[in-house]
Amino acid sequence: MMVDPTLAEMGKNLNEAMKILEDGRKASDPDADRRQFSRSSIPGPLQGDGQDVASILQLVQNLMHEDEEEDKPSHRRMQNVGEQGHMALLGHSLAAYISVLDRERLRKLITRIASDTTLWLCRLFRYESGSAYYHEDDREGLLKVCRLVINTRYEDYSTEGYNVLNSRQPVIYQSATCRPGLGQHLCSQLGLPLSSLCTVPCNTMFGSQHQMDIALLDKLIREDVETGKLPLLLIANAGTPGAGHTDKLGRLKELCEQYGMWLHIEGVNLATLALWEVSSPVMAATRSDSMTLTLGPWLGLPAVPAVTLYRHEDPALSLAAGLTSSQPVEKLRALPLWLSLQYLGHDGIVEKIRHAVELSQQLLEKLKTLASIKTSVEDELNSPVVVFRFSQETSAESSGGSMEGYFAGEREVLDSLNRWLCERLAQLVPASGVDIVELEDEGTCVRFTPLMTAAALGTQRCDVDLLVERLTELVPVLNCTLRLRLDFREEVYRHSALSYIEDLNWPGLGAVRYEPRIEELNDSKRQLEVEKINSELLVKLGELDADIIFSTGLEFGPEKDCIFIGMATEDLDVAELVDTIAALGRDIEENGRLLENMTEVVRKGIQEAELQLQKDNQDKLMEEGLLRQIPLVGSVLNWFSPFQSTVKGRTFNLAAGSLDSTEPTYSMKAQTGGLASPETPTSSAKRLLGQRLFRREGAGGSDSHSETSSVGQGEDLSRERFPQPTIPTPPSPVPDEAVSVVPESPETPQRPPTQENGEVGTQEGEEEERAPEGQEAPVEEAPVEETGR
């Protein structure tokens, strides 16, 4: 068998390139890539000799991982590019190579590729006698279809242009649940006014609230016809972008035939047409005039085009609308899809779609068993999209009544909690592919769409089990947080120094601000003081050993200089939490005032010390006399008759802001008040060993620490009842000016070493030296030896 050497080399290079890009950074020198990237990221002139393929691919890899941090785990969803993905990527390389063939060979090849791909897709998705248009933007196919309908309904459009539209204004109808901005994009590209776009509301009384109201659509079409407008096209959904519901396509098709309109369908549920069993609402999509398929996400194929299947008999109008092209190169868009479909085969394609639908059914069955979780699914038997949200419990354990509507702003709070829930699930189970969806009636919900994510992320049944397990763990946290929000607000109101901040978009207990008791400051200085105190308070709270999280809130939130408290658990002591916040804020405020007053206290103390020193110098001069001030005479006189001065030293007490005498220091051999007073025991000091802060005693969350806590508490009690002996420390050196040295005398009995508190170090010495009860022990004074004689 003859092999084209260029094709073989292309496949080899592609495998090597993918290997380089997927291997990651080099293990031998992890900083080599970063250094190389730092040099290559600076724009500069091209190298004269050029670079080899490996260097260029290494640069591409560095650019791909530019924003990743090595020390921070990444929760980004990365698509699994397997063999099927390699085939799709190979198609782009082959398209570039095939484009250089001679014109005749190129025409035959692209005709075969386009016809094969179109035939396979029409058979796979039950769309008989259809044509295909391949496009990169998934809106481009609908845009080309609109051009085709305009050319068909306005015969003189090709010659008159937009002037022919003035006779009868075209109208495009779309559902209110269509993709945001789709209708505006069509009007902008077609040059139509926004009055040519009609948005049809959904059902309000009967049927799904995500389906188009057919009765209202019929009324709108009749009104447009009566005013001289031309109903042109209707955009319906087989799986709305939000909830995945399907419009009543059969009834809509009949309505379009009645008014001569074109019916275009799009949505994720169209993928189920490839299955053996298809629901009747989705099966009606095979009767539509056109539909758009996004095979890339469904099958996990990177960089493959979307496909719009349509039915039209006039090839000239299709060419005028841009659905077909005379340029052979543009027809090569189908090549990546042609290769991938052959690689997967019919069974492989059906298996991927069936696997995604089964994942949805698995999750739906498990969600039915969870309390406080509500689902929004159109067809429970065959729905590839599962939308669920956290809702309040049906009954409150504390009051026994319903919790529905028990506080204002309930909808906003639940939306914020569901947003937090989705973010946590996406971080804990990244392979699940869950995302946030905003629905008009339900609010913020969590959406699971395996048809759009499972093939790329490799989602398996075990991932769904893990998702349900994590959801089961997070639901009690949501219930506790929602229940304790009112308790937290009431506790904050009991403290005059705290202000409760109402932020319904914060998923947690709430927000609080410490207000300093400073009335003499103006608004600007007071704002700075509030910002300073709350910033320090947030740091102090973050250093506590607690399960709860403190932060500055949302990045672009309206409230600033606040402390936002995160999610709560069942054993949270809200009263202790608020008391701790108030106490820490008060300490920070008082310490700040002490520092502010320190400058004035020190300044006054220095002035008083200077005056006292001057007075002491004058008193000393008067006591010593004039003769002792003469240099030579004073020395001789001091030798024969030493003078004992009565002037004492001074010490400055910063805490009290006063001048004190140094006499107690030298007489008692210690600073007065130098020993630190024991701190007042608080609730945190009485906490059992191993128990974290803000937990109620006896709650379920502290059971894991009960054994450790009992042991630690028993040890503390034993220390209180039986004081442990301490090792005597050697006496500290005392200055010669304070105490004279006394020689040892054999007649003086030696006493055993004593402790600082007066207790004797040994038991025998304690019995001998113990004084009678009610009588003080005599203090033996040592004789003072005069020095200098």
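To keep things clear, this report deals only with the structure shown in the data block.

Conventions used here
Residues numbered from 1 in each chain as written. Predicted model: local features only at pLDDT ≥ 70, side-chain atom pairs only at ≥ 80, totals over all residues. Heavy atoms only, no water. Helix = DSSP H or I, 4+ residues; strand = E, 2+ residues; numbered from the N terminus. Polar contact = N/O pair within 3.5 Å; in protein donor to acceptor, adjacent residues only side chain to side chain. Pairing = 2+ DSSP bridges. Axes fitted to C-alpha atoms, helices over the stretch in contact; angles between N-to-C directions. Contact = heavy atoms within 4.5 Å. Phe/Tyr/Trp six-rings, centres within 6.5 Å; stacked < 30°, edge-to-face > 60°. Buried < 20%, exposed > 50% of the residue type's maximum accessible area, 1.4 Å probe, protein only. Lys NZ or Arg CZ within 6 Å of the ring centre and 35° of its normal. Parallel < 35°, antiparallel > 145°, perpendicular 65-115°, else oblique. Left-handed = near helix turned anticlockwise from the far one by under 90°. Salt bridge = Lys/Arg side-chain N within 4 Å of Asp/Glu carboxyl O.

## Details of the side chain of threonine 246
Inspection of the secondary structure assignment puts threonine 246 in the loop between strand S4 (230-237) and helix H10 (249-259). Here glycine 239 takes part through its backbone nitrogen, which lies 3.5 Å from a polar atom of the side chain of threonine 246. A distance of 2.9 Å separates polar atoms of two side chains, one belonging to threonine 246 and the other to asparagine 269.

## Examining the sheet that holds strand S3 (residues 197-200)
Strand order across the open sheet formed by seven strands is S1-S7-S6-S5-S4-S2-S3, with mixed pairing between neighbours. In this open sheet, the two edge strands, each paired with only one partner strand, are strand S1 (131-135) and S3. For this sheet, the mean inter-axis angle between neighbouring strands, taken without regard to orientation, is 20°. Taken together, the three bridges between strand S5 (residues 262-266) and strand S6 (residues 290-293) define a ladder with parallel strand orientation. Its bridge partner lying in S6, isoleucine 265 is registered against methionine 291. Of the strands in this sheet, strand S2 (170-175), S3 and S4 are in contact with helix H9 (residues 214-226), which crosses S2 at around 170°.

## Things to note about the packing of aromatic side chains
This structure, assessed with the given rule, holds five aromatic pairs. Taking the centre distance of 5.9 Å and the plane angle of 70° together, the rings of tyrosine 493 and tyrosine 500 count as edge-to-face. Accessibility expressed as a relative area gives 14% for tyrosine 500, which makes it buried. What links up through ring pairs into an aromatic cluster is the set Phe488, Tyr493 and Tyr500. The ring centre of tyrosine 127 lies 3.8 Å from the NZ or CZ of arginine 311, which sits over that ring.

## Some words on the environment of arginine 485
Among the secondary structure elements, arginine 485 is positioned in helix H17 (residues 461-493). The exposure class of arginine 485 is buried, given its relative accessible area of 6%. For arginine 485 and leucine 509, which are 24 residues apart along the polypeptide, the C-alpha to C-alpha distance reads 4.9 Å. Residue contacts for arginine 485: discarding those within four places in its chain leaves Val413, Tyr500, Asp503, Trp506, Gly508 and Leu509. Looking at arginine 485, its side chain comes within polar contact range of the main-chain oxygen of tryptophan 506, at 3.3 Å.

## Section: the packing of helix H14 (residues 335-367) against helix H16 (residues 450-457)
Closest axis-to-axis distance for the H14/H16 pair is 9 Å, and the angle between their directions is 115°. Considering the angle they form, H14 stands roughly perpendicular to H16. Where H14 crosses over H16, the two elements pack in a sense that is right-handed. Residues Ile353, Ala356, Leu359 and Ser360 of H14 touch H16, and the partners they reach there are Pro450, Leu451 and Ala454.

## A look at the sheet that holds strand S10 (residues 435-439)
Spatially, four strands are ordered S8-S9-S11-S10 in an open sheet, and the strand pairing comes out antiparallel. Two strands close off the open sheet at either side, each with one partner strand: strand S8 (373-375) and S10. Going across the sheet, the axis of each strand differs from the next one's by a mean of 40°, ignoring polarity. Strands in contact with H17 are S8, strand S9 (386-390) and strand S11 (443-448); relative to S9, the strand with the most contacts, it is inclined by about 30°.

## Points about the pattern of salt bridges
Counting across every chain of the model gives 22 salt bridges. Its salt-bridge partner being arginine 107, residue glutamate 104 comes within 2.6 Å of it at the nearest N-O pair. Taken together, the positions of glutamate 104 and arginine 107, both in helix H5 (residues 103-124) and three residues apart, correspond to about one turn of that helix. Residue class for glutamate 104 comes out partly exposed when judged on its relative accessible area of 41%. Accessibility expressed as a relative area gives 42% for arginine 107, which makes it partly exposed. What emerges from the salt-bridge pattern is a single network uniting Asp138, Arg179 and Glu266.

## A closer look at the pairing of S2
Counting buried residues along S2, six of its six residues qualify, which places the element largely inside the surrounding structure. Here S2 shows two buried faces, one formed by Pro170, Ile172 and Gln174 and the other by Val171, Tyr173 and Ser175. Inspection of the sheet shows S2 paired to S4 by five bridges, in the parallel sense. In the sheet register, tyrosine 173 faces S4, and the bridge partner there is leucine 234. Two elements, S2 and S3, share four bridges in a ladder whose sense is parallel. Among the inter-strand pairings, isoleucine 172 is bridged to a residue of S3, identified as leucine 197.

## A few points about the pairing of strand S13 (residues 510-514)
The buried count for S13 comes to five of five residues, which makes it a mostly enclosed element. Because side chains alternate across S13, one face comprises the buried residues Gly510, Val512 and Tyr514, and the other comprises Ala511 and Arg513, equally buried. Two elements, S13 and strand S15 (residues 563-565), share three bridges in a ladder whose sense is antiparallel. Across the sheet, valine 512 pairs through a bridge with isoleucine 563, a residue of S15.

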